[in-house]
Amino acid sequence: MFFIASSILAAVMAVTVIFVRLKATKKPASLKKIILPPLFMSTGFLMFLFPEFRMPWWEAGESFLVGCLFSIFLIKTSKFEKRGREIYLIRSKAFVAILISLFLIRMAMKTYLGHQITYTETSGLFFIVAFGMILPWRIAMYFGYQKALKS
């Protein structure tokens, strides 16, 4: 029951992210909008203060690397362009498909791992995967924004 509820919540969050990202392409980008999400998300690492969320370092490292691999698709579909004095994120036709695909892959991995490890360990692992996706993506967006700013 808990797995179903968490999966539904994850799906709602994924759809929300898709709509927020699509709406964001209509407004100018800013450094604040690029930098703040990973900073806000990093507060989630506080969960590891509780022993039930802890895991071996190598598992955390693997999770982060999986997230970094997933971020490659997001990085490839995130480009900026200068319109007048403003910089906009260019909407990619593949972006929504990539986000949905990444969500489905994460759900499949969660389903498999959910039978192997505890719910709290699964939560911690997938938080690290998500952070591993957003951090390199936002770093790449920062450099893309700076490049568009100079052009």
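Reading the values: rules and limits
Every chain begins its residue count from 1, and numbering advances along the sequence as written. The predicted origin of the model limits local features to residues at a pLDDT of at least 70 and limits the giving and counting of side-chain atom pairs to 80 or more, whereas totals for whole chains, interfaces and linings rest on all residues. Excluded from the side-chain calculation are hydrogens and water; included are all heavy atoms of the structure. Only Phe, Tyr and Trp rings are paired, with Trp represented by its six-membered ring, and only when their centres lie within 6.5 Å; those with planes under 30 degrees apart are stacked, over 60 edge-to-face, the remainder tilted. We count a charge as sitting over a ring when the NZ of a lysine or the CZ of an arginine lies within 6 Å of the ring centre and within 35 degrees of the ring normal. Strand pairing requires that DSSP identify at least two bridges connecting the strands. Helix numbers and strand numbers start at the N terminus; a helix is a DSSP run of H or I with at least 4 residues, a strand a run of E with at least 2. A side-chain nitrogen of Lys or Arg and a carboxyl oxygen of Asp or Glu constitute a salt bridge if their distance falls within 4 Å. Note on exposure labels: buried denotes an accessible area under 20% of the residue type's maximum, exposed denotes more than 50%, and partly exposed covers the range between, all computed with a 1.4 Å probe on protein chains only. N or O atoms closer than or at 3.5 Å make up a polar contact, with two conditions inside protein: a donor-capable atom paired with an acceptor-capable one, and, for residues adjacent in sequence, both atoms drawn from side chains. Here a residue-residue contact requires only that any non-hydrogen atoms of the pair lie within 4.5 Å. Charge assignment: positive for Lys and Arg, negative for Asp and Glu; neither His nor the chain ends contribute. For patches, a residue must show more than 30% relative accessible area and have no salt bridge; joins then use 9 Å for like charges and 5 Å for nonpolar side chains, namely Val, Leu, Ile, Met, Phe, Trp and Tyr. Throughout, the Shrake-Rupley method with a 1.4 Å probe supplies accessible areas, and for residues the shown protein chains are the sole cover considered. Across the chain, each position has a pLDDT score giving the predictor's confidence in that residue, from 0 to 100. Each helix should span, by expectation, one fewer than its residue count multiplied by 1.5 Å.

Looking at the packing of aromatic side chains
A full pass over the atoms with the stated rule returns 6 aromatic pairs. Taken together, F45, F48, F127 and F131 form an aromatic cluster joined through their ring pairs. For the cation-ring pair, R138 lies above W137, with the distance from its terminal atom to the ring centre recorded as 4.9 Å.

Focus on the pairing of strand β2 (residues 86–90)
When strand β1 (residues 79–83) meets β2, the two strands line up antiparallel, connected through 5 bridges. Opposite K79, over in β2, you have I90 as the bridge partner.

Details of the pattern of salt bridges
Throughout the structure, instances matching the rule amount to 1 salt bridge. Here E81 makes a salt bridge to R83, at a shortest N to O gap of 2.7 Å.

Remarks on the side chain of S78
By the element assignment, S78 lies in the loop between α3 (57–76) and β1. Of the residues examined, S78 reaches a relative accessible area of 12% and is grouped as buried. One polar contact links the side chain of S78 to the main-chain carbonyl oxygen of L74, over a distance of 2.8 Å.

Comments concerning the environment of F73
Among the structural elements, F73 can be located in helix α3. Measuring from C-alpha to C-alpha, the distance between F73 and I98 comes to 6.9 Å, with 25 residues separating the pair along the chain. In this view, F73 contacts I98 and L102; residues no more than four positions away in its chain are not counted.

Quick notes on the side chain of R138
Mapped onto the secondary structure, R138 falls in helix α5 (residues 119–150). Buried and without a salt bridge, R138 has E86 as its closest oppositely charged side chain, separated by 15 Å. Those residues in contact with R138, other than ones at most four positions away along the chain, are R21, K33, I34, P37 and P38.

Examining the environment of I72
Looking at where I72 falls in the secondary structure, it is placed in helix α3. Taking the relative accessible area as the measure of exposure, I72 reaches 41% and is therefore partly exposed. Distance from I72 to M133, taken between C-alpha atoms, is 8.2 Å for residues 61 residues apart in sequence.

Some words on a nonpolar patch on the surface
Residues I4, I8 and V12 make up a contiguous nonpolar surface patch of about 280 Å² in total accessible area. Here V12 lies in helix α1 (residues 2–24). Relative accessible area serves as the criterion here: at 47%, V12 is assigned to the partly exposed category.

A word on the confidence of the model for the protein chain
Here the protein chain averages 87 in pLDDT, and 98% of its residues register 70 or above. Taken element by element, the predicted model of the protein chain shows its lowest mean pLDDT in α1 (75) and its highest in helix α2 (residues 31–41) (94).

Focus: helix α4 (residues 95–114)
Here α4 contains 20 residues, and its C-alpha end-to-end distance of 28 Å stays within 8% of the 28 Å for a straight helix at 1.5 Å per residue. Along α4, the residues that are buried comprise F95, I98, L99, L102, M107 and K110.

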